[in-house]
Amino acid sequence: ETGVTQSPTHLIKTRGQQVTLRCSSQSGHNTVSWYQQALGQGPQFIFQYYREEENGRGNFPPRFSGLQFPNYSSELNVNALELDDSALYLCASSLGSGPTGGANVLTFGAGSRLTVL
Amino acid sequence: SQQGEEDPQALSIQEGENATMNCSYKTSINNLQWYRQNSGRGLVHLILIRSNEREKHSGRLRVTLDTSKKSSSLLITASRAADTASYFCATDFKAAGNKLTFGGGTRVLVKP
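Summary of the structure given here. Fair warning: this is a prediction, and the values are worked out from it, not measured in the lab.

1. A word on the environment of A:Gly109
Step number 1: Along the chain, the position of A:Gly109 falls in the loop between strand S10 (107–108) and strand S11 (112–116).
Step number 2: Setting aside residues up to four positions removed in sequence, A:Gly109 forms contacts with A:Val4, A:Gln6, A:Leu90, A:Cys91 and B:Gly42.

Following this line, the structure appears as structure tokens:
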């Protein structure tokens, strides 16, 4: 059973550029959640995908977008990067039961550390 | 904010001592979870306690939940240097569906 893998592990971008982060969910999981974690803070919920549909979104602007694929892997895209987007981006997978189900235990990847200059 | 908030923000103890950290939240929850994070890497799930439970144990970990006070505590007994990490509570608010909301964390340093 493989865990959650994220790529790339580190990347540096300049303000205004676009970035795509990738996540392979744990085998058997159907739900992917993305979090942004600034240095010294707790993870902030960006959005969640359940069976390829967005299933909730946090307080992030539309330039943060995502996809979930039929194999339940996922992408996070951020357009028009700003300096404040510098953070650790965490992907977590879980076996969910959809919009009406309670939250389940999350299995996290090691994260992608984005630096925006 | 609906986030859980941990207290204290930082904790320094000697190996062998117990470490206690608390989490408070504001609205009704389905469950509360605790996670550990080492050096800015991914989070690792420690324990889940449901809203109808009052206490759970897992190895050296003991979690309590008081829904009347909207608070939880995590106790690590007989701490080890390897317990040095940040600990986060995460709440599953009934109004927020099935998304976990994390607090700011408690940074624990266990000195050998």
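Text resumes after the structure shown.
2. Some points on the sheet that holds strand S6 (residues 55–58) of chain B
Residue and element names in this part refer to chain B.
Step number 1: Overall, antiparallel pairing links the five strands, which are arranged S1-S3-S8-S7-S6 in an open sheet. Both outer strands of the open sheet, strand S1 (5–7) and S6, are each paired with one neighbouring strand and no more. Going across the sheet, the axis of each strand differs from the next one's by a mean of 20°, ignoring polarity.
Step number 2: The sheet contact formed by strand S7 (residues 61–66) and strand S8 (residues 71–76) spans six bridges and is antiparallel. Residue pairing across strands places Val63 opposite Leu74, the latter belonging to S8.

3. Observations regarding the packing of aromatic side chains
Step number 1: Inspection of the entire model under this criterion finds eight aromatic pairs over all chains.
Step number 2: Judged by centre distance (5.3 Å) and plane angle (90°), the ring pair of A:Tyr35 and B:Phe102 falls under edge-to-face. Residue A:Tyr35 is located in strand S4 (residues 31–37), and its partner B:Phe102 is located in strand S10 (residues 101–102); the two belong to separate chains. A single burial state applies to A:Tyr35 and to B:Phe102, both of which are buried.
Step number 3: Ring geometry for A:Phe47 against A:Tyr49: centres 5.4 Å apart, planes inclined by 80°, an arrangement best described as edge-to-face.
Step number 4: Grouped by ring-pair contacts, the aromatic residues A:Tyr35, A:Phe45, A:Phe108, B:Tyr35 and B:Phe102 constitute a single cluster.

Thresholds applied
Residues numbered from 1 in each chain as written. Chains lettered and ligands numbered in written order. Predicted model: local features only at pLDDT ≥ 70, side-chain atom pairs only at ≥ 80, totals over all residues. Heavy atoms only, no water. Helix = DSSP H or I, 4+ residues; strand = E, 2+ residues; numbered from the N terminus. Contact = heavy atoms within 4.5 Å. Pairing = 2+ DSSP bridges. Axes fitted to C-alpha atoms, helices over the stretch in contact; angles between N-to-C directions. Phe/Tyr/Trp six-rings, centres within 6.5 Å; stacked < 30°, edge-to-face > 60°. Buried < 20%, exposed > 50% of the residue type's maximum accessible area, 1.4 Å probe, protein only.

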